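# Breakdown of the fold
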Amino acid sequence: MAFDKWFYKQNTLIKFILLIIPLVGWIMELLIRLSVALRTKSVLHIVVLILFIVLGWGIILEIIDLVYLLLTGKLLLAE
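The paragraphs below set out a description of the structure included in this document. (Residues numbered from 1 in each chain as written. Predicted model: local features only at pLDDT ≥ 70, side-chain atom pairs only at ≥ 80, totals over all residues. Heavy atoms only, no water.)

What follows covers the environment of V54. Along the chain, V54 turns up in helix α4 (residues 43-55). Counting along the chain gives 32 residues from V54 to P22, while the straight-line C-alpha distance between them is 17 Å. (Helix = DSSP H or I, 4+ residues; strand = E, 2+ residues; numbered from the N terminus.)

In structure tokens:
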């Protein structure tokens, strides 16, 4: 699964728009984090995926990811 690689190839404006739409943003983050966890099989990425699933319904994590995306071009702990 290389969904994260496809996402990171997009323009920053497209990435921002995909993440700012409420339900679409949550699904995008879930797919990106799942893709990274499956590709790397790192314990850190698996824990972050589980935390995102449990706590990802709140807007706080998405705001943090949006700011981090604008600053670095990547999602927090999804590289």
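Take the packing of aromatic side chains next. Counted according to the given criterion, the structure contains 3 aromatic pairs. Ring geometry for F7 and Y8: centres 5.7 Å apart, planes at 65°, overall edge-to-face. For F7, a relative accessible area of 0% translates into the label buried. Summarising the aromatic geometry, the rings of W26 and F52 are spaced 5.7 Å apart at their centres and angled 20° between planes, so their arrangement reads as stacked. Within this pair, whereas W26 is found in helix α3 (residues 22-40), its partner F52 is found in helix α4, the two being separated by 26 residues in sequence. The class for F52 is buried, based on a relative accessible area of 3%. The aromatic ring of F52 is capped on one face by R33, whose charged end is 5.7 Å from the ring centroid. Lying across the ring of Y8, K74 places its NZ or CZ 4.3 Å from the centre. (Phe/Tyr/Trp six-rings, centres within 6.5 Å; stacked < 30°, edge-to-face > 60°. Buried < 20%, exposed > 50% of the residue type's maximum accessible area, 1.4 Å probe, protein only. Lys NZ or Arg CZ within 6 Å of the ring centre and 35° of its normal.)

Time to look at the side chain of S35. Secondary-structure assignment places S35 in helix α3. On the accessibility criterion, S35 (0% relative accessible area) is buried. Reaching out from S35, the side chain makes a polar contact with the side chain of D4 at a distance of 2.8 Å. Sequence-distant contacts of S35, defined by excluding residues within four places in its chain, comprise M1, A2, F3 and D4. (Polar contact = N/O pair within 3.5 Å; in protein donor to acceptor, adjacent residues only side chain to side chain. Contact = heavy atoms within 4.5 Å.)

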